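Structural features, examined
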Amino acid sequence: MSEASLFISKRKHSITENRVKNVLWYVGECYILLINDKVKYSEKLHVKSSTIPFEDYLRNRLVEDYLIKNKNLLKERISELDEINFGYETNKEYIEKGILKPDKIDIYINKLGLNGILEDSDENVYYAIECKRIRNLGDSTTQYINDIVKFSNREYVKRRLPFEGQLGFIELNSITHIEVYGNINDKLNKEAEITTDTPLQPCTINQNISCSYISKHKRNIGNKEQFSIYHLLLDYSDIVIN
């Protein structure tokens, strides 16, 4: 690759990552709004009145009640995201071992203002965030790791960014995000299906929250390209009640 091509590639990567960071900043702002609203979600009451899995319900409330309704905060921060779209339970496609399969995405985000930056249109390029309840440091973080295995093994059909997002809803006040990230890193070291270049490390996404991390891994398919994951390990211990 020539120096000019390398410069253009790095510039595209930098602009794309900046868009992702701004989206995650906004997720943090919406989380702060949720906290300030003193919202409570009762799993016991939810089970009596709905067939929606509680994990999906928590995600739905974040998307429907906050991410969709407060987009003016994001638009004021970065004008290129004035048409951003948030959805959930969106099905895209991926290939695994030669088989085309459906990929149900927890939080689907497109129209990232990347027309003219990337070759694909804004309609096709998307960023995905997966969500997991964290109710203990054992089974819950194992499920969290399983999502990283999926990122590593799947060949996505449409233009998925070389960045992934993961939200952890920490439901016990006896568990801190520091303990969770340490436990995730311990499990990453033992997971043969994940090639980890850099384990979770603290990073600043939103100055008002301190529970954000970044890790870097390699795909197990194709050119084994590197991808990054931004992690937000949110304290839901005062939000989820029984």
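The coordinates are above.
Here is what the cut-offs are and how they apply
Residues numbered from 1 in each chain as written. Predicted model: local features only at pLDDT ≥ 70, side-chain atom pairs only at ≥ 80, totals over all residues. Heavy atoms only, no water. Helix = DSSP H or I, 4+ residues; strand = E, 2+ residues; numbered from the N terminus. Rg over C-alpha atoms; globule rule 2.2 N^0.38 Å. Buried < 20%, exposed > 50% of the residue type's maximum accessible area, 1.4 Å probe, protein only. Contact = heavy atoms within 4.5 Å. Areas by Shrake-Rupley, 256 points an atom, 1.4 Å probe, with all protein chains shown as cover. Lys, Arg positive; Asp, Glu negative; His and termini not counted. Charge placed at Lys NZ, Arg CZ, Asp CG, Glu CD. Axes fitted to C-alpha atoms, helices over the stretch in contact; angles between N-to-C directions. Parallel < 35°, antiparallel > 145°, perpendicular 65-115°, else oblique. Left-handed = near helix turned anticlockwise from the far one by under 90°. Nonpolar A, V, L, I, M, F, W, Y, C, P; charged D, E, K, R; others polar. Salt bridge = Lys/Arg side-chain N within 4 Å of Asp/Glu carboxyl O. Pairing = 2+ DSSP bridges. Polar contact = N/O pair within 3.5 Å; in protein donor to acceptor, adjacent residues only side chain to side chain. Phe/Tyr/Trp six-rings, centres within 6.5 Å; stacked < 30°, edge-to-face > 60°. Lys NZ or Arg CZ within 6 Å of the ring centre and 35° of its normal.

What follows deals with the overall build of the protein. Across its full length, the protein holds six helices and ten strands. The C-alpha radius of gyration computed for the protein amounts to 18 Å, which stays within 12% of the reference 18 Å derived for 242 residues, consistent with globular compactness. Judged by the C-alpha coordinates and their principal axes, the protein covers about 60 × 45 × 35 Å. Buried residues in the protein amount to 48% of all 242 residues. Across the protein, the fraction of contacts at a sequence separation of at least 24, relative to all contacts at a separation of at least 6, is 64%. In the structure as shown, the protein presents an accessible area of about 12,100 Å², 46% of it carried by carbon and sulfur atoms. Treating the 34 positive side-chain charges of the protein as one cloud and the 36 negative ones as another, the clouds have centres 1 Å apart.

To continue, consider the packing of helix 5 (residues 139–153) against helix 6 (residues 177–190). Two elements in contact, helix 5 and helix 6, have axes separated by 10 Å at closest approach and are oriented at 55 degrees. As the angle between them shows, helix 5 and helix 6 are arranged oblique. The handedness of the crossing between helix 5 and helix 6 is right-handed. Contacts from Thr141, Thr142, Tyr144, Ile145 and Ile148 in helix 5 reach Val180, Asn183, Ile184, Lys187 and Leu188 in helix 6. Broken down by class, the residue content of the contact of helix 5 with helix 6 amounts to six nonpolar, three polar and one charged.

Let us look at the pattern of salt bridges. As enumerated under the stated definition, the model contains 14 salt bridges in all. Ionic pairing is found between Asp147 and Lys132, a salt bridge with its closest N-O pair at 3.1 Å. Placement of the pair is Asp147 in helix 5 and Lys132 in strand 4 (residues 126–134), with a sequence separation of 15 residues. Lys132 sits in the buried class, given a relative accessible area of 13%. Connected through salt bridges with shared partners, the residues Asp56, Arg59, Glu89, Lys104 and Asp106 form a single ionic network.

Here strand 8 (residues 212–218) lies mainly inside the structure; five of its seven residues are buried. Judged from the five bridges that link them, strand 7 (residues 195–202) and strand 8 form a sheet pairing that is antiparallel. Counted as the bridge partner of Thr198 is Lys216 from strand 8.

We now examine the side chain of Asn206. Take Asn206: it is sitting in the loop between strand 7 and strand 8. The class for Asn206 is buried, based on a relative accessible area of 1%. At 2.9 Å, the side chain of Asn206 forms a polar contact with the side chain of Glu29. A polar contact is formed between the side chain of Asn206 and the backbone nitrogen of Asn208, at a distance of 2.8 Å. Every residue in contact with Asn206, bar those within four places of it in the chain, is listed here: Trp25, Gly28, Glu29 and Ile32.

The next subject is the sheet that holds strand 9 (residues 226–235). Taken together, the eight strands give an open sheet; going across it, the order is 5-2-3-4-6-9-8-7, and neighbouring strands pair in mixed fashion. This sheet does not close on itself; its edge strands, each paired only once, are strand 5 (155–156) and strand 7. One ladder, built from eleven bridges, connects strand 2 (residues 85–96) with strand 3 (residues 99–110); its direction is antiparallel. Its bridge partner lying in strand 3, Tyr88 is registered against Ile107. Docked against the sheet, helix 6 engages strand 4, strand 6 (163–170), strand 7, strand 8 and strand 9, running at close to 170 degrees with respect to strand 7.

Glancing now at the packing of aromatic side chains. Scanning the model with the defined rule gives seven aromatic pairs in all. Residues Phe54 and Tyr57 carry aromatic rings whose centres are separated by 6.1 Å and whose planes lie at 20 degrees to one another, so their mutual orientation is stacked. Of this pair, Phe54 and Tyr57 both sit in helix 3 (residues 54–67), three residues apart, roughly one helical turn. Among the aromatic residues, ring-to-ring pairing joins Tyr31, Phe169 and Tyr236 into one connected group. Directly above the ring of Tyr94 sits Arg154, whose terminal nitrogen or CZ lies 3.9 Å from the centroid.

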